[in-house]
Amino acid sequence: MTNAFERHGLDHLSASSINLFVAQPAMWAMQKLLGHKSRVGAAAHRGTAVEAGVEMGLFDPNLPLEDCQEAARARFNQLTALSADPNVEKERAGIASAVAIALGELRQYGIPGSADGTRQHRIEVELPGVPVPFIGWLDFWYPDHGIIIDLKTQGRLSSKISDPHARQGAIYHAAHGNSEIRFAYVTPQKIGIYRLEDPRTHIARVVSIARSIERFLSLSDDGAELTAALSPDLDSFYWNDPGSRAAAEEIWGLAPEAMPQA
Amino acid sequence: MGFMSVPSSGGDFKVFVAYNAKAGRWYTKNDGKDEPMFEVTDMTAVFDMPNLETGWFKFSSGVAPEKVMDPSLAEAAPNPGTDFKRGFQIDLYSEKNLMGLREFSSTAGIVIEAMNNLYDLWMAAPENVSGKLPVVRCSGVLPISNKHGTNYQPTFEIVGWTDRPAALAGSGASTPPAAASAQAAPQPPAQHMPPPAAGSAKVGAPVF
């Protein structure tokens, strides 16, 4: 007999998936059960772009900073070429300095490990009580130091690791139990690198969320019925993407004039 | 008076200190029903920065403000509805200037900006990691003219550091952890981790 995940075509979970389920269950259902994808905004593209520049500079420590910054900007331009997000220019403005600050700190760790020609490491881990594995990708793994670093870009520096990030780190730790998990929060002005304390506490929460998802999926084999049983929080930034809002209208039958504007 | 209504006393609400941006002045009151507001002439107090909270606030005349606080500074709570605005709240303490513990909250952009600047000062200060709390003074106000007319932005400076006062006990880095779960307890700021020294041994330790 297949488990509830498999009956809905879900063969794995991820940190982003369980965190989305916690934050916006209606969007989770729309994406995972009905296959509607959401476009992300300029802030998310900034993160991808900064990471590209930082990765380039870490794996080639002699590469001039300007080349890494240019690569990051180019990646951002590529990702936002068709974006209507009004924050594109604001996000673009902070990319170069974020790359410089991140490299200034992270180059001191040395060159990250690589495997099979890929710079990001795929992890897959099974957690007790969860019938499908968790899959993810490590940003920077330093096997010589026993440290895994996940890079997060921000507008303002966090003073601590957020709960969703802690859950992500706990999954990484479960996959690489001998490694310490650190989150590098970088802004255009500063960087803070924080160690994940007590991953066991957070992995318990990960399992709890996964079981909640499983119970939810067990209520019906009809993904559309499950999705319709939820209601989207359209005021949230998660729903800023016009495509997602249009999909919400299709699914939940919301009249356009009744939908709040982002 | 000010931008928020007087919370009822004797309940779960703390007495507040309010900043009137139109006047550039601070006000508070004594604890107790129908106590009058009075101006705080020397706004110097201990700011409980480790427990600064952000969230959604709805200030309505005559009733206590409605609040939905964020799970953390890095994670915004969902917008609870119309008329809610983004803001912050923080506990302040000064027996001399504020008559004790006071709660300060605001959704005004110029006040949030001032607090952001103070937050950066606090984060950058080496004393931050010691567990001591900053003694903060509003050293002046800055006129800001825009479509809302002229408002006055407070200017904060850190003038000292002190151990956590007993009135601010129950949270923060220098307070012994309570029996509450780690999930529920307010978390102090994390400490920046330096890079490992060259040739150092592995730092990770097995947990599972």
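Everything numeric in this text was worked out from a predicted model, so none of it was measured.

Rules and cut-offs
Throughout, a residue's number is its position along its own chain's written sequence, starting from 1. Following the order in which they are written, the chains are lettered starting with A and the ligands numbered starting with 1. Thresholds applied to this predicted model are a pLDDT of at least 70 for local features of residues and 80 or more for the giving and counting of side-chain atom pairs; totals over whole chains, interfaces and linings are not thresholded and use all residues. Only hydrogens and water are set aside when side-chain values are computed; all heavy atoms of the structure are taken into account. A run of DSSP states H or I qualifies as a helix once it reaches four residues; a run of E qualifies as a strand once it reaches two. Both are numbered from the N-terminal end. Between buried and exposed lies partly exposed: a residue is buried under 20% and exposed over 50% of the maximum accessible area for its type, with that area taken using a 1.4 Å probe on protein chains only. Every residue pair with non-hydrogen atoms within 4.5 Å of one another is taken to be in contact. The Shrake-Rupley method, run with a 1.4 Å probe sphere, supplies the accessible areas, and residue values consider only the shown protein chains as cover. Pairing between strands is defined by DSSP: at least two bridges between them are needed. Helix axes are fitted only over the stretch in contact, all axes being lines through C-alpha atoms; the angle between N-to-C directions runs from 0 to 180 degrees. Directions from the helix axis toward the C-beta atoms define the arc. Each angle is binned into one of four classes, with values under 35 degrees roughly parallel, values over 145 roughly antiparallel, values of 65 to 115 roughly perpendicular, and all other values oblique. Here the term charged refers only to Asp, Glu, Lys and Arg, the term nonpolar to Ala, Val, Leu, Ile, Met, Phe, Trp, Tyr, Cys and Pro, and the term polar to all other amino acids, Gly among them.

**Q** Looking at this model, I keep getting lost on the overall build of chain A. Mind explaining?
**A** Tallying secondary structure elements over chain A gives 11 helices and six strands in all. Within chain A, the proportion of its 262 residues that are buried is 51%. Sequence-distant contacts in chain A: of pairs separated by 6 or more residues, those separated by 24 or more amount to 69%. Summed over its atoms, the accessible surface of chain A is roughly 11700 Å², and 50% of this surface lies on carbon and sulfur atoms.

**Q** I would appreciate a short explanation of the sheet that holds strand 5 (residues 180–186) of chain A in the present structure.
**A** Remark on secondary structure: sheet strands pair via backbone hydrogen bonds, oriented parallel or antiparallel. Residue and element names in this part refer to chain A. Reading across the sheet, the four strands line up as 3-4-5-6 and stay open at both edges, with mixed pairing between neighbours. Each having just a single partner strand, strand 3 (140–142) and strand 6 (191–195) make up the two edges of the open sheet. The sheet shows a mean angle of 20 degrees between the axes of neighbouring strands, direction not considered. As judged from the seven bridges shared by strand 4 (residues 147–153) and strand 5, these two strands associate in the parallel manner. Its bridge partner being in strand 5, Ile147 is matched across the sheet by Glu180. Strand contacts of helix 4 (residues 42–59): strand 3 and strand 4, with the helix running at about 140 degrees to strand 4, the strand carrying the most contacts. Along the sheet face, helix 8 (residues 163–175) touches strand 4 and strand 5 and points at about 145 degrees away from the line of strand 5.

**Q** How do you make sense of unusual backbone geometry when you look at a structure like this?
**A** Most peptide bonds are trans, and most residues other than glycine sit at a negative phi. Residues and elements named next belong to chain B. Even without glycine at this site, Asp83 takes up a positive phi of about 75 degrees. Looking at the element boundaries, Asp83 is found in the loop between strand 6 (66–69) and strand 7 (85–94). Its identity is not glycine, yet Met99 carries a phi of approximately 65 degrees, on the positive side. Following the sequence through the fold, Met99 ends up in the loop between strand 7 and strand 8 (100–106).

**Q** I keep staring at helix 11 (residues 242–252) of chain A and nothing clicks. Help me out?
**A** For the α-helix, the turn length of 3.6 residues means that residues three or four positions removed from each other point alike. Residue and element names in this part refer to chain A. The complete set of buried residues in helix 11 reads Ser244, Arg245, Ala247, Ala248 and Trp252. All buried residues of helix 11 project into a common sector of 160 degrees when viewed along the axis, lining one side. Residues of helix 11 that are exposed and point more than 90 degrees away from the buried face comprise Pro242 and Glu250. Looking at the buried side of helix 11, the elements it contacts are helix 3 (25–32) and helix 10 (223–228). Backbone geometry just downstream of helix 11 places Gly253 in the positive-phi region, at approximately 65 degrees.

**Q** When you look at the packing of helix 8 of chain A against helix 9 (residues 199–218) of chain A in this model, what are you seeing that I'm missing?
**A** Relative placement of two packed helices is described by the angle separating their axes and the distance separating the axes. Residue and element names in this part refer to chain A. One way to put it is that helix 8 packs onto helix 9 with a least axis distance of 8 Å and a crossing angle of 100 degrees. Relative to helix 9, the element helix 8 is oriented roughly perpendicular. Of helix 9, the residues touching helix 8 (which contributes Ala166, Arg167, Ala170, Ile171, His173 and Ala174) are Pro199, His202, Ile203, Arg205, Val206 and Ile209. Of the residues belonging to the contact of helix 8 with helix 9, the class tally is eight nonpolar, two polar and two charged.

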